[in-house]
Amino acid sequence: MNLFLTGATGFLGGELLVTLSKRSDIKKIYCLVRAKSVDEANKRLIHVFDLHGDFYQPEKIIPIVGNLSDDDLTSTLNSHKELHSINLIVHSAANTSFSKNCDDLIKKVNINGLENILNWAKDLKHLNTFLYIGTATICGKDIKNKVIREEESPNSNAHHLVTYTYTKMIGEMMLSKYLPEEKILVVRPSIIMGDSKNKIPRSSVILWTLAAFNYLRLIPVNPLSKIDIIPVDYAAEAITDLLLVKRNYDVYHISAGVDSSTNSELCTRKIESYFPEKPAHQFVNRKLANNMRFWAKGRMEDIGELAKYDKHLHYWESILGEKSRLRILFAGLEPYFDFIELGQIFDNSRLLHDVSLPKPKPAHEYIINNIEFLESIDIYEGALDP
Ligand SMILES: NC(=O)c1ccc[n+]([C@@H]2O[C@H](COP(=O)([O-])OP(=O)(O)OC[C@H]3O[C@@H](n4cnc5c(N)ncnc54)[C@H](OP(=O)(O)O)[C@@H]3O)[C@@H](O)[C@H]2O)c1
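Residues numbered from 1 in each chain as written. Predicted model: local features only at pLDDT ≥ 70, side-chain atom pairs only at ≥ 80, totals over all residues.

**Q** Looking at this model, I keep getting lost on the pairing of strand E4 (residues 88–91). Mind explaining?
**A** The side chains of a regular strand alternate, residue by residue, between the two faces of the sheet. In E4, alternate side chains face the same way, and those of Leu88 and Val90 on one face and Ile89 and His91 on the other are all buried. By the bridge criterion, 4 bridges tie strand E1 (residues 2–6) to E4 in an arrangement that is parallel. Counted as the bridge partner of phenylalanine 4 is isoleucine 89 from E4. Sheet topology places E4 next to strand E5 (residues 129–133); 4 bridges connect them, and they run parallel. Across the sheet, leucine 88 pairs through a bridge with threonine 129, a residue of E5. The parallel pair E4 and E5 is bridged by helix H4 (residues 103–121), and the resulting crossover is right-handed. (Buried ≥ 20, exposed ≤ 12 C-beta atoms within 10 Å, placed from the backbone. Helix = DSSP H or I, 4+ residues; strand = E, 2+ residues; numbered from the N terminus. Pairing = 2+ DSSP bridges. Right-handed = clockwise from strand over helix to strand, strands pointing away.)

Below, the structure is given as structure tokens:
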């Protein structure tokens, strides 16, 4: 079988590329890559393999230069005769930013870009499956502290915390306008963070927030709010298996579910002992986030109840250099605080029934494998492009 993959240079897409390349039933993997030339695209794909020392097969991995936001992407893809034999498409590419500044680009890439791919895919004679990587968070912000099942989404009345999840929902709803139902497979990962193997994760996406929690130590979020987190290697294994097994459903959560969920308290306590020089993690009511902003502006008369955490405030003064840097971190962390406090867990019984994988390890168990990497993450970079 021949496969077309988008997003192969990304966090999940890279892991998928390596996992899929190990399957002998997949003959060729054509990857849509943003680049100025085929040579540059090739180098970007080789880098994905080099990162973990994975075996790269040049005859199997073939770059196709293209950009989802190019209006002529459909005709570019049509012009590649070698792509006429595609049997499987895995659409992982997306603009995953939570930043409001990127809203127009997010819509262009995640909605118009998907449309470009679908317009090409609909005419492929040998296409068996179009796998759309969605996100479990398309359920929106109205459902709180609940185990959510696949059939509860998409709900076009859902309210979204960020444009990204809205566009992923619209994308999912668009699929059936272009393709017959039997060709559509939707997987909805929950939150993908780090790698459960003792390897540097392919990206610090999401993990930068744990690095920021570890840095700040005084955090305005409910520590017991349940969070559904999975490692990227588990996500890639599960998605690859689903693509190739006999399935009972056409939509699956790729998630930790009830048994493997975690919370901020469990994750931070787990890493705390590796950094004995820092003060213990202290979680405070979300309302104090405002007082923290006043502190960052030097408005000490407005910090109210925050004053009693003087040990942490002194620590902040010693690490931040300039108090105002806290505002940069908070601007990036804010949507993550919102997501954490939703307390959403995504039921994974469909997945566990249809693939032969064990339950994922909870984040507070596997995260110690990423400890070394945690300290090298540039949290300001993460905060500027959350
Ligand atoms: N990470 C999570 O926690 C999570 C959770 C649920 C669902 N998902 C879904 O999983 C998928 C992969 O996410 P990820 O974490 O791997 O994201 P990522 O690390 O940000 O990677 C995004 C990928 O999309 C590509 N891309 C972005 N804009 C593009 C464009 N205009 N044209 C072509 N390619 C473009 C990027 O290419 P460049 O390298 O050129 O930028 C990169 O390969 C997404 O569909 C996302 O919605 C992720």
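**Q** Teacher, can you tell me more about the sheet that holds strand E12 (residues 251–254) here?
**A** The strands that make up a sheet pair up through hydrogen bonds in the backbone, lying either parallel or antiparallel. If you walk across this open sheet you meet the 7 strands as E3-E2-E1-E4-E5-E7-E12, and the pairing is parallel. Of all the strands in the sheet, the pair left with one neighbour each is strand E3 (61–65) and E12. Between one strand axis and the next, the sheet turns by 20° as a mean value, whatever way the strands run. In terms of strand pairing, E5 meets strand E7 (residues 184–189) through 4 bridges, oriented parallel. Residue pairing for E7: isoleucine 133 is matched across the bridge by valine 187. Across the sheet, helix H2 (residues 38–50) lies against strand E2 (28–33) and E3, angled at about 130° from E3, the strand it touches most. (Axes fitted to C-alpha atoms, helices over the stretch in contact; angles between N-to-C directions. Contact = placed C-beta atoms within 7 Å.)

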